[in-house]
Amino acid sequence: CRVGSLPLLANLLLRRSTRTNTDDANANAQITTTTSTKKKTPNKTELLKDMGGKSAVGKGFANYAMKKFNTSQFGAISAASAKYGKGGFTLVKGPPGTGKTTTTVALLNALHVRQFNQYFDKVRKIACETGTTSTGAKKAALANASKNKPRLLVCAPSNNAVDHILSKIMDDGFIDGNGTRYNPSVVRVGIGHGAGVKNVSLESKVNELLEEAKDIAKLDLAIAGYKTELSRLHSDINKLRPRLHAIAMASPWPLCKDWEIRTDAKFEKTGKVFFVNHKDKTTTYECPPPPEPGEKQFHANAMPEYRAFVAQLVKLIERYNKMTLKLEQYSIVEQHGISLVSGKVNNQAYDSVRQQLETHILDTTHIVMTTLGTAGNQALESTSKFEVVVVDEAAQSVEPATLAALQLGSSHAILVGDP
């Protein structure tokens, strides 16, 4: 680990720092921030605003977190997730029993939801472009947008500490912007304890894929199935885009609240849209007049059908991306399967395939969990940089081990531990 190349070097030299106290042993526990002047402790509404508001994390998660956590804990969540990837150091401290682990899981949840919302916003924007952008250019733009998916590394000095956080994530799940429980994409690097933890271990995932290489015929069928499904998804995506374009271009001006734009039942043949007047309960193919001065206006992208098509399109694109990643993994495994059939397998080729699979899984997983001792292994060093590095039980960690984890990240680190 070369300290001079750490993106967080300026913070290590104490040029910038943020400290958060989560000691909730009494009702007056407060957040303290290292600044030149003292500020009044903000309330939860102000802390939510610091995170970007409900538009950043979603109304569902915001309501859940504000209800579940006290001001001190919510302050830690806000401070840690306010600037994804560029937050410098956030220090979260509190004696045993003050809810540090629960708060840590919640701040991971906040980071995950916030960044996923930004990713979906980019996908939505690309999907709804009405210009003459080529299919290849849009694919490249969507691939680039995928880089905005969450990239979080969670470390701790011991396996027990790592597995404790992982088990809590797996048992309780995360809360999305709509307030719905979901299970994030997570992988455990190293030896974990417990059946649940082992199911998401990197070694288990790689072994499962390599096991499929032993039946090359079945593997070929699976690859053919994925290609067929990708072709179908691509066709469905291409069918939705003209509908969005037609609604967006249907009227040269916004409409009043009585009107709605919809696509024709035989749109694939006619390419037409029509206008529904909810007040008179009539329909027409003629564009309605513009609203009267002072009357509320609604643009095409606010139409119910347009918004439904956008949501459907984003889901199709996300499913297409997931299928593509799975096909990429199977393509790597297929190389190994062909070598098995031909009898040309050697240790070097096997290690190469295994390393490719490890790197691919780590690059496409949102949350990677490992001990500080394992943070310097080859698999993690060969993967893309993480946007946020979280170190639990940081007070028990030795500096060289912590630096090994920090060099895998960018300019955002969250250190959690006892005072």
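Just above, that's the structure.
To keep things clear, this report deals only with the structure shown in the data block. (Residues numbered from 1 in each chain as written. Predicted model: local features only at pLDDT ≥ 70, side-chain atom pairs only at ≥ 80, totals over all residues. Heavy atoms only, no water.)

Next up on the list: the side chain of Arg243. As for its placement among the helices and strands, Arg243 is situated in helix α11 (residues 216–248). Only 3.2 Å separates the side chain of Arg243 from the side chain of Glu268, close enough to count as a polar contact. Not counting residues up to four positions away in its chain, the partners in contact with Arg243 are Thr263, Asp264, Phe267, Glu268 and Phe309. (Helix = DSSP H or I, 4+ residues; strand = E, 2+ residues; numbered from the N terminus. Polar contact = N/O pair within 3.5 Å; in protein donor to acceptor, adjacent residues only side chain to side chain. Contact = heavy atoms within 4.5 Å.)

Before going further, it helps to examine the nonpolar core. Counting 71 residues, the largest nonpolar core has Ile261, Leu357, Leu362 and Val368 as the members making the most contacts within it. Residue contributions to this core peak at 13 residues, all from helix α13 (residues 304–342). With sequence-adjacent residues up to four places away left out, Ile261 is seen in contact with Ile247, Ala250, Leu255, Val273, Phe274, Phe275, Ala300, Met303 and Glu305. Counting residues in each nonpolar core, the second largest holds 41 residues, with Ala62, Ala76, Val154 and Val162 among its members. (Core = buried A, V, L, I, M, F, W, Y, C linked by side-chain atoms within 4.5 Å. Buried < 20%, exposed > 50% of the residue type's maximum accessible area, 1.4 Å probe, protein only.)

By the secondary structure assignment, Gln73 is in helix α5 (residues 71–81). Here the side chain of Gln73 touches Thr98 through a polar contact of 3.1 Å, landing on its backbone oxygen.

We now examine the layout of surface pockets. Think of a ball as big as a water molecule: rolled over the atoms, this probe shows where empty space is left. One number sums up the size of the largest pocket: a volume of about 1,300 Å³. As for the largest pocket, its lining consists of 45 residues, of which Lys149, Asn321, Lys322, Leu325 and Thr364 are closest to the centre. Of all elements in the fold, only α6 (100–127), α7 (135–145), α10 (202–212), α11, α13 and α14 (347–364) reach the threshold of two or more residues within the lining of the largest pocket. Looking at the lining of the largest pocket element by element, the count peaks at 11 residues for α13. (1 Å grid on protein atoms, 1.4 Å probe; cavity = no way out; pocket = protein on both sides within 12 Å on 5 of 7 lines; lining within 4 Å. Points joined across faces, edges and corners; volume = space filled by probe spheres on them.)

What follows is about the packing of aromatic side chains. Taken as a whole and judged by the stated rule, the model has 8 aromatic pairs. Ring centres of Phe116 and Tyr119 lie 5.5 Å apart, and the angle between their planes is 80°; this geometry places the pair in the edge-to-face category. Of this pair, Phe116 and Tyr119 are both found in helix α6, 3 residues apart, which corresponds to roughly one turn of the helix. Assessed through its relative accessible area of 12%, Phe116 is described here as buried. A centroid spacing of 5.2 Å and a plane angle of 50° characterise the contact between Tyr119 and Phe120, whose relative ring orientation is tilted. Residue Tyr119 is classed as buried on the basis of its relative accessible area of 0%. By relative accessible area, Phe120 is classed as partly exposed at 22%. Members of the aromatic cluster, connected to one another through ring pairs, are Phe61, Tyr64 and Phe69. The residue whose ring lies beneath Arg151 is Phe386, and the NZ or CZ to ring-centre distance is 4.2 Å. Between the NZ or CZ atom of Lys272 and the centre of the ring of Tyr285, over which it lies, the distance is 5.3 Å. (Phe/Tyr/Trp six-rings, centres within 6.5 Å; stacked < 30°, edge-to-face > 60°. Lys NZ or Arg CZ within 6 Å of the ring centre and 35° of its normal.)

Here the focus is the environment of Tyr330. The residue Tyr330 is located in helix α13 in this model. A relative accessible area of 6% means that Tyr330 is categorised as buried. Considered as a pair, Tyr330 and Asp220 are 110 residues apart in the sequence and their alpha carbons are 9.0 Å apart. Beyond its immediate sequence surroundings of up to four residues, Tyr330 is in contact with Leu209, Glu212, Leu219, Ala222, Ile223 and Tyr226.

Glancing now at the pattern of salt bridges. Between side chains of opposite charge, a pair can form when the charged atoms approach closely. Following the criterion strictly, the structure yields 13 salt bridges and no others. Between Arg232 and Asp236 there is a salt bridge whose closest N-O contact spans 2.7 Å. Residue Arg232 and its partner Asp236 are both found in helix α11; the two are separated by 4 residues, about one turn of the helix. Asp236 sits in the partly exposed class, given a relative accessible area of 22%. Through salt bridges that share partners, Glu229, Arg232, Asp236 and Arg319 make up one connected network. (Salt bridge = Lys/Arg side-chain N within 4 Å of Asp/Glu carboxyl O.)

Bringing the sheet that holds strand β8 (residues 273–277) into the picture now. The sheet built from 3 strands is open, its strands ordered β7-β8-β9 with antiparallel pairing. At either margin of the open sheet sits one strand with a lone partner, and together these are β7 (259–263) and β9 (282–284). Adjacent strand axes in the sheet meet at a mean angle of 30° when their direction is disregarded. Note: β8 against β9, 3 bridges, orientation antiparallel. When the sheet's bridge partners are listed, Val276 is paired in β9 with Thr283. (Pairing = 2+ DSSP bridges. Axes fitted to C-alpha atoms, helices over the stretch in contact; angles between N-to-C directions.)

This part takes up the pairing of strand β11 (residues 388–391). In β11, alternate side chains face the same way, and those of Val388 and Val390 on one face and Val389 and Val391 on the other are all buried. Note that strand β3 (residues 152–156) and β11 share 4 bridges and pair parallel. Its bridge partner being in β11, Val154 is matched across the sheet by Val390. Direction of pairing for β11 relative to strand β12 (residues 412–417): parallel, over a ladder of 3 bridges. Its bridge partner being in β12, Val390 is matched across the sheet by Ile414. Running through helix α16 (residues 399–406), the crossover from β11 to the neighbouring parallel element β12 is right-handed. (Right-handed = clockwise from strand over helix to strand, strands pointing away.)

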